[in-house]
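Spelled out from the first residue to the last, the chains are:
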Amino acid sequence: MLAAFAGALLNWYQSQQRSLPWRSSSDPYQIWVSEVMLQQTRVETVLPYYARWLERFPTVDSLAAASQQEALAMWEGLGYYSRARNLHRAAQKVVKEFGGRIPSTVAELRMLPGIGAYTAAAIASIAFGVDVAVLDGNVKRVLARLFNYSGDVKSARGEKELSMLAQRLLPPGQAGDYNQALMELGATICTPRTPACPRCPVREWCQAQQLGLQHARPVTRKRAPAPRRVFAVGVIRKRGRVLLTQRADDGLLGGLWAFPSVSLIEAETGASSGAPSNAALDLQRGLRQSLGVCISVQAPLQTLSHAYTHFRVTAYVFDCDWLAGQPQGQLRVKWLPVSWLVRYPMGKIDRSIARHLARTHAAYAPHPGL
DNA sequence: CATACGTGGGA
DNA sequence: TTCCCAAGTAT
């Protein structure tokens, strides 16, 4: 029974799997990079990043030898930047503590930053053939439907019970292909919204499908609505250069560069009129306090909106002149010509501002008299 | 156990 | 427009 299920799944995977670059590789480093990039990220999004990353960092040694800034620059736009910082740190740990060889056991892999339960099992099984089952979002969904599991798959109990099931179903000696087959099924057939049950190679084993409950599985609880945040952002000019700050390593967009900004008191719902003019004054006062720079606000440049996972941002961007003071405080800062900004990794909003400045570069050229 | 952490695409 | 999601991890 179990063997028949695994056989049907494996057989389907051999003929129907997508051709993906990391599947044609047996290099543990390449498998590792793919698994980290694929965390919470779609295959189509990862593809170009994966190619560029391996071109720039072809081996774990080359990554370890690079700077964190280079790693972040290659990661820009992919999101969840702690993945890049952790991958970089982990590469250095592999070189220093594992002799440059990527460890092959789940326990050792878990010692590396950025490698949790899923990624350790994925690398161990796919790259080293260890008989360990993976449990990611795809596998949870597939198993919840196969067994008509009615518990919350994201609770601790759900994780544990599905993990037991996954390990029990694993065919010894074929963990790598089997794990990928289960995930591939979840990604292409057993999808969240509209599963293609008629095309499913294992539908005869699926309890939810036979009960017409495939849309009701898996059970998850819904999350809280995203709050709204408002920021004032300053493009501060001084002799043809603009001021950039580096964000703290922890927290949002950690390690990336950004234009100086202050958080504004959230406006009442719907009553946003007048906010930009107040924002200019708040920006002036806020940057004097936090950075120690005195600025004059010249003109509003643009207003940007962006949706993060847990909140929504509106940013009022202002053109500012530096008046006095030296940047000081917690954050690292640099005065940079606009044309240099491209080399500094940024989040989406700040990159958008940087591109805007590049388009209007003439306005930011050094003053002839200086 | 709950929350923070990005971005782009589909319904 | 708004909401939800997509090969998770760290705290």
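The model shown is predicted, which means the values in this text are computed figures rather than measured ones.

Caption draft 1: Expanded view of the protein's contact with DNA strand B. In the region of DNA strand B, 21 residues are neighbours, and Tyr80, Tyr81, Ala156, Leu253 and Thr309 sit closest. Close to the protein, within 4 Å, the atoms of DNA strand B belong to sugar or phosphate groups at a rate of 54%. One nitrogen or oxygen atom from the main chain of Gln40 is found 3.2 Å from a base nitrogen belonging to DNA strand B. The contact in question runs from a phosphate oxygen of DNA strand B to an N or O atom on the backbone of Ala156, over 3.2 Å. Of the residues belonging to the surface near DNA strand B, the class tally is nine nonpolar, nine polar and three charged.

Caption draft 2: Region of the structure containing the protein's contact with DNA strand C. Near DNA strand C, the surroundings consist of 24 residues, among which Gly114, Thr119, Asp136, Asn138 and Pro192 are the closest. The share of sugar and phosphate among atoms of DNA strand C within 4 Å of the protein is 65%. Note that a phosphate oxygen of DNA strand C is positioned 2.7 Å from one of the side-chain N or O atoms of Thr119. Between Gly137 and DNA strand C, the recorded distance is 3.2 Å, taken from a backbone N or O atom to a phosphate oxygen. Those elements giving two or more residues to the surface near DNA strand C turn out to be helix H8 (117–128) and helix H9 (137–146). A class-by-class count of the residues in the surface near DNA strand C yields nine nonpolar, seven polar and eight charged.

Caption draft 3: Molecular detail of the environment of Arg83. Positionally, Arg83 belongs in helix H6 (residues 82–97). The spacing of Arg83 and Leu72 is 11 residues in sequence and 9.3 Å in space, taken between C-alpha atoms. Within polar-contact distance, the side chain of Arg83 engages the backbone oxygen of Gln39 at 2.9 Å.

Caption draft 4: Highlighting the pairing of strand S4 (residues 261–264). The side-chain alternation of S4 yields one buried face, formed by Val262 and Leu264, and one unburied face, formed by Ser261 and Ser263. Judged from the four bridges that link them, strand S1 (residues 228–238) and S4 form a sheet pairing that is antiparallel. Paired with Ala232 across the strands is Val262, a residue of S4.

Caption draft 5: Local environment of the pattern of salt bridges. Applying the stated criterion across every chain, the model contains nine salt bridges. Taking the shortest distance from any N to any O, the salt bridge between Glu70 and Arg56 comes out at 2.3 Å. Taken together, the residues span a long stretch of sequence, with Glu70 in helix H5 (residues 68–75) and Arg56 in helix H3 (residues 43–56) at a distance of 14 residues. The class of Glu70 is partly exposed, set by a relative accessible area of 32%. In this structure, Glu161 and Arg157 form a salt bridge, with 3.1 Å as the shortest nitrogen-oxygen distance. Of this pair, Glu161 and Arg157 both sit in helix H10 (residues 156–169), four residues apart, which is roughly one turn of that helix. A cluster of three or more residues bridged by salt bridges with shared partners is formed by Arg18, Arg23 and Glu184.

Basis of the calculations
- Per chain, residue numbering runs from 1 following the sequence as it is written.
- Here every chain gets a letter starting at A, and every ligand a number starting at 1, in the order they are written.
- In view of the model being predicted, local features appear only for residues whose pLDDT reaches at least 70, and side-chain atom pairs are presented and counted only at 80 or more, with totals across whole chains, interfaces and linings using the full set of residues.
- The side-chain figures draw on all heavy atoms in the structure; neither hydrogens nor water molecules are used.
- When we say a residue is near a molecule or strand, we mean one of its heavy atoms is within 4 Å of it.
- Residues adjacent in sequence count toward polar contacts only when both atoms are side-chain atoms; beyond that, a polar contact is any pair of N or O atoms within 3.5 Å, and within protein one must be able to donate a hydrogen and the other to accept it.
- Polar here means any residue outside two lists: the nonpolar Ala, Val, Leu, Ile, Met, Phe, Trp, Tyr, Cys and Pro, and the charged Asp, Glu, Lys and Arg; Gly therefore counts as polar.
- Strands here mean DSSP runs of E at least two residues long; helices mean DSSP runs of H or I at least four residues long; both are numbered from the N terminus.
- For the exposure calls, accessible area comes from a 1.4 Å probe over protein chains only, and a residue counts as buried if that area is under 20% of its type's maximum, exposed if over 50%, partly exposed in between.
- We treat two strands as partners when DSSP finds at least two bridges between them.
- When a carboxyl oxygen of Asp or Glu lies within 4 Å of a side-chain nitrogen of Lys or Arg, that pair is called a salt bridge.

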